[in-house]
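Chain residues, written in single-letter form:
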Amino acid sequence: MPSEKITFTSASGAELAGVIDLPDGEPAGWGVFSHGFTLGKDSLAAVRVCRGLAAEGIAMLRFDNLGLGHSGGRFADTSFGLKTRDTVLAARALRERGHRVDLLVGHSLGGAAVLAAAGEVKPRAVATIGAPYSPRHLEKTIGHLLDEIEANGSAELVLGTRSLEVTRAFVKDLEEHDLAACIRDLGAALMVMHSPTDNTVGIANAGDIFAAAKHPKSFFALDGADHLLTGRVHGQRAARMIAVWAEPYLGERD
């Protein structure tokens, strides 16, 4: 399956690295994918969903947020607000290439980011996968570090062989974002996808997002999936479902 590497400038000024997964023929539509908190464009969820959507005819841009993967900058300088602004800039990068962005897809914290970015991007469809209703949900993941962050200004989040700095400014930024108005005024069709067995972001978050949204809205249960979509079938299934659901919202507008 063809792909193209691109770069664009973050709202922070750093260069961000992205990959556009392309269908074999003319794309039926174009979209942007926002990854989870520390995951990157090459995470299993990002790769499987975007390649799956490309196989269904939808070209997808996935990119590394600040300080992750092949992107420049320091992760310590990131924030949810910056992640949202960079999602908007990713869509702008496609528009500058002559491609209208009809679809935003986000996984985990990236799902919250696409909900927040939709008002400015103005896609026709938004899909979330395992997304929290509030960015503050992430405080549960870094809860063991909060006292150290408050006392010292930052702390190291250890993920396997990686160590990432989480700052007091990052935590404060999480607390300043309320997605309720963004969801209510989304201005796009919404697909909420979530696993009933997600132990990282509980399915109650999906219910809250769905309840806050106006129609047209849909829900799909990724039964048996874990939060990271480590099972290949779950990423592929998510892509197929999003593609079928999004079909009326792609391409030329009447």
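Provided above is the structure to which this section pertains.
Heads up: these notes are all about the structure in this document. Bear in mind the structure is a predicted one, so any value in this text is a computation, not a measurement. (Residues numbered from 1 in each chain as written. Predicted model: local features only at pLDDT ≥ 70, side-chain atom pairs only at ≥ 80, totals over all residues. Heavy atoms only, no water.)

Here we look at the layout of surface pockets
Note the cut-off: Here a cavity denotes a set of grid points, spaced 1 Å apart and computed over the protein atoms alone, in which a 1.4 Å probe fits but from which it cannot get out, and a pocket denotes an open set meeting protein on both sides within 12 Å along at least five of seven lines; residues with an atom within 4 Å of a point are reported as lining. Grid points are joined across faces, edges and corners, and a volume is the space filled by probe spheres set on the points. Put simply, Ala, Val, Leu, Ile, Met, Phe, Trp, Tyr, Cys and Pro go in the nonpolar bin, Asp, Glu, Lys and Arg in the charged bin, and everything else, Gly too, in the polar bin. Helix numbering and strand numbering both begin at the N terminus, where a helix is a DSSP run of H or I of at least 4 residues and a strand a DSSP run of E of at least 2.
Its volume calculated, the largest pocket comes out at about 310 Å³. If you trace the largest pocket, you find 18 residues lining it, with Phe37, Ser108, Thr141, Thr200 and His227 closest to the centre. Considering only residue class, the lining of the largest pocket consists of ten nonpolar, seven polar and one charged. Taken together, the elements giving at least two residues each to the lining of the second largest pocket come down to β1 (3–9) and β2 (15–21).

Description of helix α8 (residues 232–246)
Cut-off, in case you're wondering: The span one expects for a helix is its residue count, reduced by one, times 1.5 Å. Exposure is judged per residue with a 1.4 Å probe applied to protein chains only, and the accessible area is read against the type maximum: over 50% gives exposed, under 20% gives buried, and values in between give partly exposed. When checking whether two residues touch, look at their non-hydrogen atoms; a contact exists if any pair is within 4.5 Å.
Here α8 spans 21 Å end to end across 15 residues, near enough to the 21 Å set by a 1.5 Å rise per residue. Every buried residue of α8 is listed here: His234, Gly235, Ala238, Ala239, Ile242, Ala243, Trp245 and Ala246. Structurally, α8 contributes buried residues whose contacts are with α1 (44–55), β4 (58–63), β5 (101–107), β6 (125–129), β9 (189–194) and β10 (217–221).

Focus: empty space enclosed by the protein
Tallied over the entire structure, the rule returns two cavities of 30 Å³ or more. Contributing to the lining of the largest cavity are Phe37, Asn65, Leu68, Phe75, Thr78, Ser79, Phe80, Lys83, Leu109 and Phe170. The volume enclosed by the second largest cavity comes to roughly 40 Å³. Grouping the constituent residues of the lining of the second largest cavity by class yields three nonpolar, five polar and two charged.

Some words on the pairing of strand β3 (residues 29–34)
Counted only if it meets this: When DSSP locates at least two bridges between a pair of strands, those strands are taken to pair. The path from the first strand over the helix to the second decides the hand: if it runs clockwise while the strands point away from the viewer, the crossover is right-handed.
Here β3 lies mainly inside the structure; six of its six residues are buried. Here β3 shows no split at all, with Gly29, Gly31 and Phe33 on one side and Trp30, Val32 and Ser34 on the other all buried. Relative to β4, β3 is paired through five bridges, and the arrangement is parallel. Its bridge partner lying in β4, Val32 is registered against Leu61. In terms of handedness, the path from β3 via α1 over to β4 forms a crossover that is right-handed. Examined bridge by bridge, β3 and β5 share five bridges and lie parallel to one another. Bridge pairing in β5 places Phe33 opposite Val105.

Regarding the sheet that holds β3
We count it as follows: Here the axes come from fitting lines to C-alpha atoms, over the contacting stretch only for helices, and the angles between their N-to-C directions go from 0 to 180 degrees.
In spatial order, the strands read β1-β2-β4-β3-β5-β6-β9-β10; together these eight strands make up an open sheet with mixed pairing. Two strands lie at the open edges of the sheet, namely β1 and β10, each paired on one side alone. If you compare each strand with its neighbour and ignore which way they point, the axes differ by 20 degrees on average. Examined bridge by bridge, β9 and β10 share five bridges and lie parallel to one another. Within β10, the position partnered with Leu190 by the bridge is Lys217. Seen against the sheet, helix α3 (residues 109–121) touches β3, β5, β6 and β9 and runs at an angle of roughly 155 degrees to β5.

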